[in-house]
Amino acid sequence: MKPNQPKIPGRLTPVQLQDLLHEEDPFLQNASIIDSRIDGQTIERAQLTSMLIKNSSFQGAILPDLFATDIQFENCDFSNADLTGISIHRVSFHNCKMLGVNFTNARFTDVLFEECICNLSAYVHTRWERVRFDNCQVKDADFFDCKLKNTYFMKCNLDSASFDETPLKGVEIKTSKFESMTVSMKDLDGCVVSSLQAIQFAAMLGLDIQDE
């Protein structure tokens, strides 16, 4: 199942990310942003609605409590951005670099990550529903104390990801790969895995697996 796609109108007004810096209540709607940068900038409680954002950079930006609805991000760089407390709905990220992003206390509904680099990102205390990662690098990511509903990791690299205190019931990882992962036996209950992954988890949990 794929998340509901962003609803973006056919006609968009070209703007720049820097336009948000000059607003007391930063708000953009029905707009396209291409080749723009706000690296290292701080913008609090920005609202973005019905937009296409391409080839743009948010490296090291601090965007607490961002609210985004019906946004398509393409080829954007969010490396080391602080997105604490964001709320995003019907948002897709295509070929985006999200290395080391802080998503603590975020809320996601109908969100797609496709061919993104999400290594070392922190999803601590996040709450989400209908979220899908397709062909993403999610190595060393931290999913501590999350509520994940209708979540799919499809053909992802989850090596050394941590799901401490995060129940994985109904979460599908069967097409993804990993060598190690931090997760408890109780939180694995109901997780959708492949037969090979089941053997991996059994070995990680200390079982002595022997074939005659």
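A brief report on the enclosed structure follows.

What counts and what doesn't
- By convention here, each chain's residues receive numbers from 1 onward along its written sequence.
- The model is predicted, so local features are restricted to residues of pLDDT at least 70 and side-chain atom pairs to those at 80 or more, both for listing and for counting; the totals for chains, interfaces and linings are taken over all residues.
- Processing note: side-chain calculations cover all non-hydrogen atoms of the structure and skip hydrogens and water entirely.
- We call two strands paired when DSSP finds no fewer than two bridges between them.
- Put simply, DSSP marks the helices as runs of H or I at least four residues long and the strands as runs of E at least two long, and each gets a number from the N terminus on.
- Think of it in three bands: with a 1.4 Å probe and only protein chains considered, a residue is buried below 20% of the maximum accessible area for its type, exposed above 50%, and partly exposed in between.
- Taking the helix axis as origin, the arc is that swept by the directions to the C-beta atoms.
- We call two residues in contact whenever any of their non-hydrogen atoms come within 4.5 Å of each other.

In terms of strand pairing, strand E5 (residues 87-94) meets strand E6 (residues 107-114) through 7 bridges, oriented parallel. When the bridges of E6 are listed, Phe93 appears paired with Phe113. Of the pairings in the sheet, the one linking E6 to strand E7 (residues 127-134) comprises 7 bridges and is parallel in character. In the sheet register, Leu112 faces E7, and the bridge partner there is Arg132.

Of all the residues in helix H2 (residues 195-204), the buried ones are Gln197, Phe201 and Ala202. All buried residues of H2 project into a common sector of 140° when viewed along the axis, lining one side. In H2, the exposed positions that point more than 90 degrees away from the buried face belong to Ser195 and Leu196. Looking at the buried side of H2, the elements it contacts are strand E10 (181-182) and helix H1 (185-188).

None of the figures reported here should be taken as evidence of function without further support.
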